[in-house]
Amino acid sequence: MLDFQSDKISQQQPFLISLILGYRYDLKSLELEEIMKIIFLIWEFFKEYHQTETEKITEPQFMRIQQRNVHMLKYFEGEQSKKSKLEVISADLENLKSKALFTGVIFQFNQKIALLNMKNETRGIILVGLKSLIECFEEIAYKN
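Points about the overall build of the protein
Okay, so step 1: Each helix and strand in the protein was counted, giving nine helices and zero strands.
Okay, so step 2: Seen in sequence order, the protein has helices and strands lined up from the N terminus as α-α-α-α-α-α-α-α-α.
Okay, so step 3: Its C-alpha atoms give the protein a radius of gyration of 15 Å, within 12% of the compact-globule value 15 Å for 144 residues.
Okay, so step 4: Summarising its shape, the C-alpha atoms of the protein cover approximately 50 × 40 × 25 Å along the three principal directions.
Okay, so step 5: Per-residue burial over the protein gives 39% buried out of 144 residues.
Okay, so step 6: In the protein, once contacts between residues fewer than 6 apart in sequence are set aside, the share between residues at least 24 apart is 74%.
Okay, so step 7: With the model as given, the accessible surface of the protein reaches about 8,900 Å², and the carbon-plus-sulfur share is 56%.
Okay, so step 8: Considering the protein, the positive charge centre built from 19 side chains and the negative charge centre built from 20 side chains are found 3 Å apart.

The following block contains the structure:
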């Protein structure tokens, strides 16, 4: 089934395979396995949208969204009060249409031993990447 899944992904959304291949240099095998499961979860969530069969996520699209997310985090770090930080996070998540999916991703990060044992910096970078991936799919799936 995994081979079939990866074949379908490589045809319809080859950027996902590139993303996985990029992570393989930075992660231990168990960490990579868990990240692959999360990427497949994200794919499962969005694959039913007809647009994801015809429009592909591109590296420039991903980089644009990831830069926006990194900028938001830097802004967040600069906020002093808890109330201000909560407002920044709330405003950012308000735009996310797939909150349940992102909540599931965060749940995995807080449950899987391999992900819990990752360095905080690596966890943060990958979480931003996965949120960015979700937002790329949202741009495609929810186009008007």
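The rest of the description comes next.
Notes on the environment of Gln108
Okay, so step 1: For Gln108, the location among the structural elements is in helix α7 (residues 99-111).
Okay, so step 2: The sequence separation of Gln108 and Ile35 amounts to 73 residues, and the corresponding C-alpha distance is 9.3 Å.
Okay, so step 3: Excluding its chain neighbours within four sequence positions, the residues that come into contact with Gln108 are Ile38 and Leu115.

Reading the values: rules and limits
- Residues numbered from 1 in each chain as written.
- Predicted model: local features only at pLDDT ≥ 70, side-chain atom pairs only at ≥ 80, totals over all residues.
- Heavy atoms only, no water.
- Helix = DSSP H or I, 4+ residues; strand = E, 2+ residues; numbered from the N terminus.
- Rg over C-alpha atoms; globule rule 2.2 N^0.38 Å.
- Buried < 20%, exposed > 50% of the residue type's maximum accessible area, 1.4 Å probe, protein only.
- Contact = heavy atoms within 4.5 Å.
- Areas by Shrake-Rupley, 256 points an atom, 1.4 Å probe, with all protein chains shown as cover.
- Lys, Arg positive; Asp, Glu negative; His and termini not counted.
- Charge placed at Lys NZ, Arg CZ, Asp CG, Glu CD.

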